[in-house]
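This is what each chain is made of:
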Amino acid sequence: MKQTLLFFLFILPIVAISQTKVSGEVKDEFGDPVAFANVIFKDTNEGTITNENGRFYLESDETQDALWVSFVGYELKTVPLDKRITYELEIVLKEEASALDEVVVFSGKTSKKDNPAITILRKIWENRRENGVKKFKQYKYDKYEKQEFDLNTIDSGLIKSKIFKGMEFIFDQVDTSSVTGNTYLPIFVNEAFSRVYGDNDMKLEKEILEGNKNSGFDNNQSLIAFVKDLYNDYDVYDNYLKFFDKAFTSPLSRTGIDVYNYVLLDSAYRDNKWCYNIVYYPRRKNELTFKGDFWVNDSTWAIKEINLQASKSANLNWVREVYIEQEFEVLNDSIFLITRDYFLSDFSLRKKEKARGIYGKRTTLYDNYEFDIPKEKSFYKAQIDPYQYEIYNRPDTFWDEARMESLSKDEKGVYKMLDTLKTVPRFKALYNVGATLASGYYEFNNFDFGPIFSTFGFNEAEGFRIRAGGRTYFGQNDMWRIEGFGAYGFRDDKFKYGISGKVLLDRKSRLILFGGNRRDVEQTGASLTSSTDVLGRNLASSALVTVGANDRLTNINLSTIGFEAELAKNFVTRITGAYRTLSSATDTFSLNYLDENGDIQSQINQPEIDFSINYTPGRQTIGYGVERKIVNDDQYPIFFASYTAGLEGVLGGDFEYQKVQGLYTQPWNIGGLGRAWTTIEAGKIYGDVPLGLLSPIPGNQTLFSIYNTFNQLDFYEFVSDTYASFHLQHNFGGRLFSRIPGLRKLNLREVVGFRAVYGELSEANKALNVDTEGLPIVYQAPEDIYWEWSVGIGNIFRVFRLDFNFRGNYLDNPDARKFGVTGTFGFSF
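Given the structure is predicted, the values throughout are model-derived calculations rather than measurements. (Residues numbered from 1 in each chain as written. Predicted model: local features only at pLDDT ≥ 70, side-chain atom pairs only at ≥ 80, totals over all residues. Heavy atoms only, no water.)

1. Notes on empty space enclosed by the protein
On inspection of all chains with the given rule, the structure shows 3 cavities of 30 Å³ or more. Considering only enclosed or pocket space, the largest cavity measures out at about 60 Å³ in volume. Grouping the amino acids of the lining of the largest cavity by side-chain chemistry returns 5 nonpolar, 1 polar and 4 charged. (1 Å grid on protein atoms, 1.4 Å probe; cavity = no way out; pocket = protein on both sides within 12 Å on 5 of 7 lines; lining within 4 Å. Points joined across faces, edges and corners; volume = space filled by probe spheres on them. Nonpolar A, V, L, I, M, F, W, Y, C, P; charged D, E, K, R; others polar.)

2. Overview of helix 2 (residues 116-126)
Because an α-helix packs 3.6 residues into every turn, residues spaced three or four apart end up facing the same way. All buried positions along helix 2 are accounted for by Ala 117, Ile 118, Ile 120, Leu 121, Ile 124 and Trp 125. Along the axis of helix 2, the buried positions cluster into a sector of 160°, meaning they face one direction only. Those residues of helix 2 that are buried are in contact with helix 5 (256-259), strand 14 (260-270), strand 15 (273-282), strand 16 (290-297) and strand 17 (303-310). (Buried < 20%, exposed > 50% of the residue type's maximum accessible area, 1.4 Å probe, protein only. Helix = DSSP H or I, 4+ residues; strand = E, 2+ residues; numbered from the N terminus. Arc of directions from axis to C-beta. Contact = heavy atoms within 4.5 Å.)

3. What about the pairing of strand 8 (residues 138-152)?
Among the 15 residues that make up strand 8, 14 are buried, leaving the element largely enclosed by the rest of the structure. Inspection of the sheet shows strand 8 paired to strand 10 (residues 183-199) by 15 bridges, in the antiparallel sense. Residue pairing for strand 10: Tyr 141 is matched across the bridge by Val 196. Examined bridge by bridge, strand 8 and strand 20 (residues 357-371) share 13 bridges and lie antiparallel to one another. Residue pairing for strand 20: Asn 152 is matched across the bridge by Gly 357. (Pairing = 2+ DSSP bridges.)

4. Quick word on the side chain of Ser 60
Mapped onto the secondary structure, Ser 60 falls in strand 4 (residues 55-60). A residue is classified by how much of its surface remains accessible, and Ser 60, at 1% relative accessible area, is buried. In this structure the side chain of Ser 60 is engaged in a polar contact, spanning 3.1 Å, whose partner is the side chain of Glu 46. Side-chain polar atoms of Ser 60 contact the backbone nitrogen of Glu 62, separated by 3.0 Å. (Polar contact = N/O pair within 3.5 Å; in protein donor to acceptor, adjacent residues only side chain to side chain.)

5. Some remarks on the packing of aromatic side chains
The tally for this structure, following the rule as stated, stands at 35 aromatic pairs. Ring geometry for Tyr 260 versus Tyr 280: centroids 5.5 Å apart, planes at 85°, classification edge-to-face. Placement of Tyr 260 in strand 14 and of Tyr 280 in strand 15 is noted, with a sequence separation of 20 residues between them. Overall, the relative accessible area of 0% leaves Tyr 260 in the buried class. Of the residues examined, Tyr 280 reaches a relative accessible area of 0% and is grouped as buried. (Phe/Tyr/Trp six-rings, centres within 6.5 Å; stacked < 30°, edge-to-face > 60°.)

6. Structural notes on the nonpolar core
Grouped together as the largest cluster of nonpolar side chains are 52 residues, with contacts concentrated most on Ile 124, Phe 243, Leu 252, Tyr 262, Phe 290, Phe 294 and Ile 303. For this core, the leading source of residues is helix 2, giving 6 residues. Sequence-distant contacts of Ile 303, defined by excluding residues within four places in its chain, comprise Ile 124, Tyr 237, Leu 252, Phe 294, Trp 295, Val 296 and Phe 328. In terms of nonpolar packing, the next biggest core, distinct from the first, is built from 24 residues, Ala 526, Val 534, Phe 589 and Leu 591 among them. (Core = buried A, V, L, I, M, F, W, Y, C linked by side-chain atoms within 4.5 Å.)

7. Quick look at the sheet that holds strand 7 (residues 85-92)
The 3 strands lie next to each other as 4-1-7, forming an open sheet whose pairing is mixed. Sheet topology places strand 4 and strand 7 at the edges, where each strand pairs with a single neighbour. Going across the sheet, the axis of each strand differs from the next one's by a mean of 20°, ignoring polarity. Across 6 bridges, strand 1 (residues 20-27) lies against strand 4 in antiparallel orientation. Residue pairing for strand 4: Lys 21 is matched across the bridge by Glu 59. (Axes fitted to C-alpha atoms, helices over the stretch in contact; angles between N-to-C directions.)

See below:
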């Protein structure tokens, strides 16, 4: 619907579609907002409740002539509607002398005793349902999913702004949201139709994509994945619903009575089922809660309909609105099936109502359920080609039949509008700026320059460092890619470089051939688990500011060649041949060692064969080329193990040894207590090796908080040939600060951390290294378990976290740092 609809309503005598829209604010006689007041169209079940600020928006497909507005302690007010569209109403409620006789309504801090709504809620708990498909041995259903991005709060100022000069035609598609009442412009639409098969006995499920259609940006898969990642599948019967990496308390949760107020509002037939209508709203502000209502059947106690709207004061960044609707079909006393799921988020830099933002929407419809039709296990295990041309190029006749919900006029117009928009030079320029900020690369024809954020750096060996690089890029699903960089240090007056290439040989097994070479300066004391990524370089290698001298640096010349394959979903195996030379990059750091003849050597020449496995259950990726994008970072566990053999005498190799390493990282969602991450690492080197091949305990001399390092350790303060470490970081998400007056409105978040490591170092390995005068390195392992802890304040200005780090022991080590402050920037919801 166009933004100029109001104008046409005044000049057109006949309107084809009846519709009523109304918004406004409910206040008391003293001008204070009335939160969670009931607002419904007169003599209907169509209604809403006001938010914490007393504001509401409501619309109906029918012509309505009045509103009923009520709240306990106030007189019921009838507000006549003279026009079909009435915005910015100011409704004042008057206090009543006594409660209404007709209806007893609970509001404010509702009682947990003698409240019929709570009695019904307990019935829901006693009869908690599983999704109906779990009640059968096998199941099958059709699934239609529509995802959409919309630019919202469209006004004349935006339409006339210079940024859209030459692109005014896009505003022909403006419509109004039925949830928020804001105008919006669809800018991206994706449709997918699939068939889902499942076997509960074998605990297997398979979704086969039958058709996909979108509005056609080159990186549309990233947009699709972004929305999917935000809106993970959820079950309203669960105690907590996870969105944006946050755990919201479900209104159907057994803990709900501690965080919600419940009101029995009405009872009526819904699709020939007698149901109760319960309104709920949060007891406190700044918690991850919802407001809304649900209809529950009076005999099965199964939810028939529910809507959830996130509390405006919830501790969320960049999200102004969250709204969910679900509808269910109740088959019998024990089975219900979801038929519709709608999710809307309003992303904005500011939470003010008139600030502009972007809607992210997902509508999912389910139909044609079939049960108890078995299929062989091979059907579920069979690999499907991730890209088939016909799936992404279905004709309109396919979509006319597959759609379970018709596109609106404006959604249909998006396809044509975007095809036109991509030809406008000004839009291309704006798009390129956005793509550069998002990816870190500036796009040329078939080549990307970057990453631009690595252009400048500093360390004690190179001094000020400048870097330029790039990669081939014909599209996000390239079957091969070459990338490289060149860098120059103004202190050592040396040129460094790196080049690598990879090619996908088989799409089904994801067999990849890779190789490359890099000559560079690196801080090798910043991680325990070693990597064969030829272009990988950590932040500690070129941090602009450090605590103390970052001078224990290594000149590295690394060449690799190898293969990797994904033998099962998210199970990647890799075999790599590597050859590296290592030498000190500064005069204040020594890698000298004694060879078998007792002579001092300053350079290590070492070929290796490495075999590794990497298992990441639950990881979601997009794309089918040689590189894929991960869309749910930090949301899945990582299991990594490797075996490395050092080869003596091969290509001049200096040492023979074996190294085994393992890593396990796990994210934990702890309901209302926030989110935690833990990492366990362990490793051992069999054989005698010098300092350059040992396992330094990863210190951190930068001013940034770096996970999996020890913030109060210097680089090479501890070295080991056997180690085991543990890292814990817990973010409470504002659970504590939200209860402290004065801090509540700041939306700060509490973070705690604990880190510990045990290590050993053999006397034989100590003896290999040469003590050079003036270059003191204490070859010490943390045999008494080194530990440290931290407390932090996150979400400062919504992008910064400040950590206060405390060293637990080894306080007598030379120049031991007992206390330190580090910080980190990050985008999080």
